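# A look at the structure
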Amino acid sequence: QVQLVESGGGLTQPGGSLSLSCAASGSIFRIAVMGWFRQGPGNQRELIATITNNGNTNLANAVKGRFTISGDNAKNTVHLEMNNLKAEDSGFYYCHARVFTTGADSYTVHWGQGTQVTVSS
């Protein structure tokens, strides 16, 4: 069993900043990728940012220059710093991880419960 626990998010005005953190725990041998996806009302879940265990990052074009993703392999955590937030950044943010559990030959995909981010004046 692998659990992803998110923290952070909340409400801010346009131009403000928020941060998200996610910690993975359980039967983890190695985490290949961690990241964040967003789902707005009536929309599909979309990739916001990911980071691999060797530090390679991938950010959606809409957030490049404003969001920063970082990770700590030793702690199995990922952090998303969101600056200059816009109304369209609002939505439910889900932590995502591709995890090799102990003894497994391939990774499994895991999701957190989600945390709300609202950007509104």
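Our subject is the structure that appears above.
Here is a short report on the structure shown in this document. (Residues numbered from 1 in each chain as written. Predicted model: local features only at pLDDT ≥ 70, side-chain atom pairs only at ≥ 80, totals over all residues. Heavy atoms only, no water.)

Attention shifts here to the pattern of salt bridges. This model, assessed by the stated rule, comprises three salt bridges. The salt bridge partner of E46 is R38, with a shortest N-O separation of 2.8 Å. A relative accessible area of 38% places E46 in the partly exposed class. A relative accessible area of 7% means that R38 is categorised as buried. (Salt bridge = Lys/Arg side-chain N within 4 Å of Asp/Glu carboxyl O. Buried < 20%, exposed > 50% of the residue type's maximum accessible area, 1.4 Å probe, protein only.)

Another aspect to go through is the nonpolar core. Generally speaking, a soluble globular protein has its nonpolar side chains buried in company with each other. Formed by 28 residues in total, the largest nonpolar core has its most connected members in M34, W36, F67, L80, M82 and Y93. Those elements that provide at least two residues to this core are β1 (2-8), β3 (18-26), β4 (28-39), β5 (46-52), β7 (67-72), β8 (77-82), β9 (91-101) and β11 (115-119). (Core = buried A, V, L, I, M, F, W, Y, C linked by side-chain atoms within 4.5 Å. Helix = DSSP H or I, 4+ residues; strand = E, 2+ residues; numbered from the N terminus.)

A word on the packing of aromatic side chains. Counted according to the given criterion, the structure contains three aromatic pairs. Between F37 and W111, the aromatic rings sit 5.0 Å apart at their centres with planes inclined by 75°, giving edge-to-face as the arrangement. Note that F37 is positioned in strand β4 and W111 in strand β10 (residues 108-111), a separation of 74 residues in sequence. Using a relative accessible area of 14% as the deciding quantity, one classes F37 as buried. Taking relative accessible area as the criterion, W111 reaches 35% and is therefore assigned partly exposed. Judged by centre distance (5.6 Å) and plane angle (50°), the ring pair of F92 and Y94 falls under tilted. (Phe/Tyr/Trp six-rings, centres within 6.5 Å; stacked < 30°, edge-to-face > 60°.)

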